[in-house]
Amino acid sequence: MDKRAWIATTVFAVVILALGVVLFSPEEQAEGQRSRATSAVIEGTEVDLSFKMGGSIEMIAVEEGDEVKAGQLLATLNSEELLTKKAQAEAAYHLAQVKLEQAKQGVALTDSSSSAQVEQAQAVVEAAKAQLAANEKGAREEEIAQLTAKQQAAKTAMEIAQVNLERMQKLFAEGAVSKASLEEAQIKFEQAQAEFKAVDEQLKMAKSGSRQEEIDAARAQLEQAQAAYEQAVAGRDQVALKQLDVQSAEAAVRQAKGALDEVLAYLDNTRLTAPVDGIVKSVNVHKGELVSQGFTVLTLQAKTENYAKFYVDEFALGDLQTGESVKLFVPALGKEVEGKVASIAPSADFAVKKATQQLGERDIRSFAVKVTVSDPALRPGLTVEWRLEGADAQ
């Protein structure tokens, strides 16, 4: 071979080797990777629905493929036993409320009765003081006239109290009034009667004059009246005891209300409603079937929140940012739809291309990119393609 042929052969070999290095270098292969579109499958959010308690299926209101709205009733459990417990809880709650009202009335009546007794005892004390003073000093004509008028007024008040007492006794016998009302009428009558007797005695003594023994008797009567007054004042402690009864009744009402609320919560748990708008993907039970707590009764495919998860190689990732709008192509529909980058994986998942040790290549890693879509025409399972814009600039 002459020198010129050898030089031509050498130059040709060098050119071929250079082209091979360029064509098969990792960068050139990555450039090819960047120019290809990546594909993914539309995925949707599935919601498995179950009852919070076990029981027998009473009704299934939907079928597979039905569209449902959030809050729509889907299924119910048999609730006859709970309805019976609800009636019992409502009755117990009502009874507790009645007892509370009775306890409050008891406080009011005890307070009123105690106040009346104190006032009555105080009136007797004042009358006894006046009687003693009249016995000690004697009475003048104008005092006698005043006592006469006072006696007449006390008598009238006593007669009215007696008539009211007799009426209350009759109503109590017929069951029309409570025992507390009868006792209050009795106390008022006794108070009026005591006042009348005290005034009557004062008038008699004023007219007849007082002897020493009468003065001594009046003084003893005053002492008795003062002792009765002190006892009546001490009796007001019963009001505090009645108030404790009210607090106990209030606690019973709260307890009964809690039991009723618990039954109502269980009843609410016998109703299965849709948490989101969607399509019934599957119905896993039949009417009359016994299911346990947490068993999946229905599965909904949410109408929103569809997405596609692409695996984008590190060279094609570029300056892609979360929240960026992108264009996707749907081969089955023959059109482009808009998507939004929801998330980009912080680390690579797997190698798109394995390295060839003989050529000195390296693995090309990929990152999961989640793209959400809102087009109503897109259904889970459809294939979408995404060609990254500006990838060649990397």
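Residues numbered from 1 in each chain as written. Predicted model: local features only at pLDDT ≥ 70, side-chain atom pairs only at ≥ 80, totals over all residues. Heavy atoms only, no water.

Draft legend 1. Just the overall build of the chain, in detail. Of the regular secondary structure elements, the chain holds seven helices and 15 strands. Buried residues in the chain amount to 31% of all 394 residues. Accessible surface, the chain: about 24200 Å² in total, of which carbon and sulfur atoms supply 52%. (Helix = DSSP H or I, 4+ residues; strand = E, 2+ residues; numbered from the N terminus. Buried < 20%, exposed > 50% of the residue type's maximum accessible area, 1.4 Å probe, protein only. Areas by Shrake-Rupley, 256 points an atom, 1.4 Å probe, with all protein chains shown as cover.)

Draft legend 2. Representation of the sheet that holds strand β2 (residues 46-50). Read across the open sheet, the four strands follow the order β2-β9-β7-β4; overall the sheet is antiparallel. On the outer flanks of this sheet lie β2 and β4 (67-68), each paired with one strand and no other. With five bridges joining them, strand β7 (residues 278-283) and strand β9 (residues 296-302) adopt antiparallel strand pairing. Residue pairing in the sheet places Val283 in a bridge with Leu298 of β9. (Pairing = 2+ DSSP bridges.)

Draft legend 3. Quick peek at the sheet that holds strand β3 (residues 55-60). Strand order in the open sheet formed by four strands is β6-β5-β3-β8, and the pairing between neighbours is antiparallel. One side of each edge strand has no neighbouring strand; the edge strands of this open sheet are β6 (271-273) and β8 (290-291).

Draft legend 4. Focus on the side chain of Thr76. Of note, Thr76 is situated in strand β5 (residues 73-77). In this structure Thr76 comes out as buried when scored by relative accessible area, which is 8%. In this structure, Thr76 is in contact with Phe51, Ser56, Ile57, Glu58, Met59, Thr270 and Arg271, ignoring residues within four places of it in sequence. (Contact = heavy atoms within 4.5 Å.)

Draft legend 5. Structural context of the packing of aromatic side chains. Counted by the stated rule, this structure contains one aromatic pair. Measuring from centroid to centroid gives 5.2 Å for Phe310 and Trp386, while their planes differ by 65 degrees, and the two rings are edge-to-face. With Phe310 in strand β10 (residues 306-313) and Trp386 in strand β15 (residues 383-386), this residue pair connects regions lying 76 residues apart in the sequence. You'll find Phe310 and Trp386 in the same group, each marked buried. Over the aromatic face of Tyr307 sits the side chain of Lys370, whose NZ or CZ is 4.4 Å from the ring centroid. (Phe/Tyr/Trp six-rings, centres within 6.5 Å; stacked < 30°, edge-to-face > 60°. Lys NZ or Arg CZ within 6 Å of the ring centre and 35° of its normal.)

Draft legend 6. The arrangement of the environment of Lys179 in detail. The topology assignment puts Lys179 in helix α5 (residues 179-208). Among the residues examined, Lys179 registers a relative accessible area of 53% and is labelled exposed.

Draft legend 7. Focus on the pairing of β3. Relative to β8, β3 is paired through two bridges, and the arrangement is antiparallel. Each residue of the ladder has a partner; that of Ser56, found in β8, is Leu290. Relative to β5, β3 is paired through three bridges, and the arrangement is antiparallel. Each bridged residue has a counterpart across the sheet, and for Met59 the counterpart in β5 is Thr76.

Draft legend 8. Fine view of the nonpolar core. Residues Phe310, Val312, Val326, Leu328, Val369, Val371 and Trp386 are the most contacted members of the largest nonpolar core, which totals 21 residues. In terms of residue count, strand β14 (residues 364-373) provides more of this core than any other element does, four residues in total. For Val312, the residues in contact, after removing those within four places along its chain, are Leu317, Arg365, Ser366, Phe367, Val369, Trp386 and Leu388. Residues Leu49, Val68, Leu82 and Val285 belong to the second largest nonpolar core, which totals 19 residues. (Core = buried A, V, L, I, M, F, W, Y, C linked by side-chain atoms within 4.5 Å.)

Draft legend 9. The pattern of salt bridges, seen in detail. One pass over the structure, following the stated rule, counts seven salt bridges. A salt bridge links Glu46 to Lys281; its shortest N-O distance comes to 2.0 Å. Here Glu46 is found in strand β2, whereas its partner Lys281 is found in strand β7, with 235 residues between them in sequence. In this structure Glu46 comes out as partly exposed when scored by relative accessible area, which is 42%. Its relative accessible area of 44% is what places Lys281 among the partly exposed residues. Here Lys188 and Glu184 are joined by a salt bridge, their closest N and O atoms 3.7 Å apart. (Salt bridge = Lys/Arg side-chain N within 4 Å of Asp/Glu carboxyl O.)

Draft legend 10. Here's a closer look at the confidence of the model for the chain. Averaged over every residue, the pLDDT of the chain is 79; residues scoring 70 or more account for 77%. Overall, residues 21-35 carries pLDDT values under 50, and its contacts beyond four positions in sequence, including any with other chains, amount to 25 contacts. (pLDDT = per-residue confidence, 0-100.)

Draft legend 11. Up close: the side chain of Gln151. Looking at where Gln151 falls in the secondary structure, it is placed in helix α4 (residues 141-173). Among the polar contacts made by the side chain of Gln151, one reaches the side chain of Asp200 at a distance of 2.3 Å. (Polar contact = N/O pair within 3.5 Å; in protein donor to acceptor, adjacent residues only side chain to side chain.)

Draft legend 12. Looking closely at the environment of Glu166. With respect to the helices and strands, the residue Glu166 is situated in helix α4. For Glu166 and Leu182, which are 16 residues apart along the polypeptide, the C-alpha to C-alpha distance reads 9.3 Å.

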